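Here's the letter readout for the chains.
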Amino acid sequence: MELIQNTPDLSAYLAADEVIDHDHPYVRDTAARLARQAEDSYAYARLAFEFVRDTIPHSDDSGDLRVTWRASDVLEQGTGICYAKSHALAALLRAEDIPTALCYQRLAHDDGSGHAVHGLVAVRFNGAWHRQDPRGNKPGVDARFSLDGERLAWVPDPESNEVDYPVLYAEPNPAVLRVLKAAPDRPYLWKTLPTEL
């Protein structure tokens, strides 16, 4: 699949905004702490990915009812769903000048009751985009940081009407951000997740 930037300006994938607030002191401090352990930008990107994947539980896995959406809140509160964890990883990567995009998949619910949009990121190294999924591993999910072939949490199944969306967003998709901001808690969010983009 060819990944498509929604804006040709690569600097847009380094920008800070209300959601990917890598200018926030908590994000900057976390990025600086991780950067001290890395010998280069590739090692930093892997460390940041593993930090978000492994130390910030997916709120559905942990049973946390809070809804986070701003990167700094995800890092401070230590919780988030796939979108929020992607925002946090994008902020940590952009804080160290690594172009990072937000991207999405449409996946079927485990119980077959419909679909939901899943969020992940893409990082730019060596002139190409590489998708990464910081959702968090669990039985049946083994996502890894990789620039040599994707190691995502899920591979969409076209027979189940699942889709890899090719667009790389510099900012969160408006439909995603709207439901995150409107949700008072995760059970409410679960009922309002977008089913497609």
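Every value quoted in this text rests on a predicted model; they were computed, and no experiment measured them.

J.: What exactly am I supposed to notice about the nonpolar core here?
T.: Soluble, globular proteins show a tendency: their nonpolar side chains are buried together. With 50 residues, the main nonpolar core has Tyr 44, Tyr 83, Leu 92, Leu 93, Tyr 104, Leu 180 and Leu 189 as its most contacted residues. Elements supplying a minimum of two residues to this core: α1 (25-35), α2 (41-55), α4 (71-77), α5 (82-95), β2 (100-108), β3 (115-125) and α6 (174-182). With 10 residues, the single largest contributor to this core is α5. Filtering out sequence-adjacent residues up to four positions away, Leu 92 remains in contact with Val 27, Thr 30, Ala 31, Leu 34, Tyr 44, Ala 48, Phe 51, Val 52 and Leu 75. The next biggest cluster of nonpolar side chains, apart from the first, holds 11 residues, and it includes Leu 3, Tyr 13, Leu 168 and Ala 170.

J.: Would you take a moment to explain the sheet that holds β2 for this structure?
T.: The strands making up a sheet associate through backbone hydrogen bonding, with each pair oriented either parallel or antiparallel. Within the open sheet, the 4 strands sit side by side as β4-β3-β2-β5. Their pairing is antiparallel. This sheet does not close on itself; its edge strands, each paired only once, are β4 (128-132) and β5 (163-164). Contacts from α5 reach β2 and β3, with the element oriented near 10 degrees to β3.

J.: What is the right way to read the packing of α1 against α5 from this model?
T.: In helix packing, the relevant descriptors are the interaxial angle and the interaxial distance, both defined with respect to the helix axes. Where α1 contacts α5, the axes come no closer than 9 Å and their chain directions differ by 65 degrees. It follows from the interaxial angle that α1 and α5 lie roughly perpendicular. Seen from above, α1 lies across α5 with right-handed handedness. Facing Val 27, Arg 28, Thr 30, Ala 31 and Leu 34 of α1, the residues of α5 in contact are Ala 91, Leu 92 and Ala 95.

J.: Is there a simple way to explain α2 in this structure?
T.: Given 3.6 residues to a turn, an α-helix orients residues that are three or four positions apart in the same direction. With 15 residues, α2 extends 20 Å between its outermost C-alpha atoms, agreeing within 8% with the 21 Å of an ideal straight helix rising 1.5 Å per residue. Along α2, the residues that are buried comprise Ala 43, Tyr 44, Ala 45, Leu 47, Ala 48, Phe 49, Phe 51, Val 52 and Arg 53. Looking at the buried side of α2, the elements it contacts are α1, α4, α5, β3 and β4. Where α2 begins, one side-chain oxygen reaches toward the backbone nitrogen of Tyr 42, 3.3 Å away; that side chain belongs to Asp 40.

J.: Whenever I open this one, the side chain of Ser 146 confuses me. Can you help?
T.: Residue placement: Ser 146 occurs in the loop between β4 and β5. Look at Ser 146 and you get buried, because its relative accessible area is 12%. Of the polar contacts made by the side chain of Ser 146, one reaches the backbone nitrogen of Asp 148; its length is 3.1 Å. Those residues within four positions of Ser 146 in sequence are excluded, and the remaining contacts are His 130, Gln 132 and Arg 151.

J.: What am I meant to see in the packing of aromatic side chains here?
T.: Aromatic rings considered in pairs are described by the distance between their centres and by the relative angle of their planes. Following the criterion strictly, the structure yields 6 aromatic pairs and no others. Here the aromatic rings of Phe 49 and Phe 145 are separated by 5.8 Å at their centres, their planes lie at 50 degrees, and the arrangement is tilted. With a gap of 96 residues between them, Phe 49 in helix α2 and Phe 145 in the loop between β4 and β5 connect regions that are remote in the sequence. For Phe 49, a relative accessible area of 0% corresponds to the buried category. For Phe 145, a relative accessible area of 10% gives the class buried. Put simply, the rings of Tyr 42, Phe 49, Phe 125 and Phe 145 pair up and form one aromatic cluster. Taking NZ or CZ as reference, Lys 181 lies 5.0 Å from the ring centre of Trp 69, over its face. Positioned above the aromatic ring of Trp 190, the side-chain terminus of Arg 186 is 5.6 Å from the ring centre.

Cut-offs applied
- Residues numbered from 1 in each chain as written.
- Predicted model: local features only at pLDDT ≥ 70, side-chain atom pairs only at ≥ 80, totals over all residues.
- Heavy atoms only, no water.
- Core = buried A, V, L, I, M, F, W, Y, C linked by side-chain atoms within 4.5 Å.
- Buried < 20%, exposed > 50% of the residue type's maximum accessible area, 1.4 Å probe, protein only.
- Helix = DSSP H or I, 4+ residues; strand = E, 2+ residues; numbered from the N terminus.
- Contact = heavy atoms within 4.5 Å.
- Pairing = 2+ DSSP bridges.
- Axes fitted to C-alpha atoms, helices over the stretch in contact; angles between N-to-C directions.
- Parallel < 35°, antiparallel > 145°, perpendicular 65-115°, else oblique.
- Left-handed = near helix turned anticlockwise from the far one by under 90°.
- Expected span 1.5 Å × (residues − 1).
- Polar contact = N/O pair within 3.5 Å; in protein donor to acceptor, adjacent residues only side chain to side chain.
- Phe/Tyr/Trp six-rings, centres within 6.5 Å; stacked < 30°, edge-to-face > 60°.
- Lys NZ or Arg CZ within 6 Å of the ring centre and 35° of its normal.

Just geometry here; none of it tells us what the structure is for.
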